[in-house]
Amino acid sequence: QVQLVESGGGWVETGGSLRLSCAASGTSFRDTNMMGWYRQSPGKQREPVAMLSNLGSTNYARSAEGRFTISTDSAKNTVDLQMNTLQPEDTAVYYCYTWVRGRAYWGQGIQVTVSS
């Protein structure tokens, strides 16, 4: 059973930084096809923020480019999202995601709040 657990969310002022981390159990991120982060704001659909393929390619939402960086730590089996220059519109619940053995898995989500 694959489980994903996010950590590192919280409250930050505009312009601040946060680092989210997603720990996996039941699989190694090295064995997945895709891993990454989505977010969902109240009243909006869940949207992709940053994705990392098992070939090492990255893909960022336009709103995240230049500010967010996705990375993995194979020793800890985590996928991390460094978020800099945060803006109020980044406020959302952030979800870790991975695709492995033909199906998607999601974390429970973690709140990020950016005050104006």
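Residues numbered from 1 in each chain as written. Predicted model: local features only at pLDDT ≥ 70, side-chain atom pairs only at ≥ 80, totals over all residues. Heavy atoms only, no water.

*Asks:* Even after reading the chapter, I still don't get the nonpolar core, so can you show me in this structure?
*Replies:* Side chains that are nonpolar tend, in soluble globular proteins, to be buried together. Within the largest apolar cluster, 29 residues are counted, with the highest numbers of intra-cluster contacts made by Trp-37, Leu-81, Met-83 and Tyr-94. For this core, the elements supplying multiple residues, two or more each, are strand 3 (18-25), strand 4 (34-40), strand 5 (47-53), strand 7 (68-73), strand 8 (78-83), strand 9 (92-100) and strand 11 (110-115). (Core = buried A, V, L, I, M, F, W, Y, C linked by side-chain atoms within 4.5 Å. Buried < 20%, exposed > 50% of the residue type's maximum accessible area, 1.4 Å probe, protein only. Helix = DSSP H or I, 4+ residues; strand = E, 2+ residues; numbered from the N terminus.)

*Asks:* For this particular structure, what's the right way to read unusual backbone geometry?
*Replies:* Glycine aside, negative phi is the norm for most residues, and most peptide bonds take the trans geometry. Even without being a glycine, Asn-77 presents a positive backbone phi close to 55°. Within the secondary structure layout, Asn-77 lies in the loop between strand 7 and strand 8. Positioned with a positive phi, Arg-101 is a non-glycine residue whose angle comes to about 50°. Residue position: Arg-101 is located in the loop between strand 9 and strand 10 (103-106).

*Asks:* How should I be thinking about the pairing of strand 1 (residues 3-7) in this particular structure?
*Replies:* Walk down a regular strand and you will see the side chains alternate between the two sheet faces. The alternating pattern of strand 1 places Leu-4 and Glu-6 on a buried face and Gln-3, Val-5 and Ser-7 on a face that is not buried. Pairing analysis gives five bridges linking strand 1 to strand 3, with the strands arranged antiparallel. Looking at strand 3, one finds that Leu-4 is bridged to Ala-24. (Pairing = 2+ DSSP bridges.)

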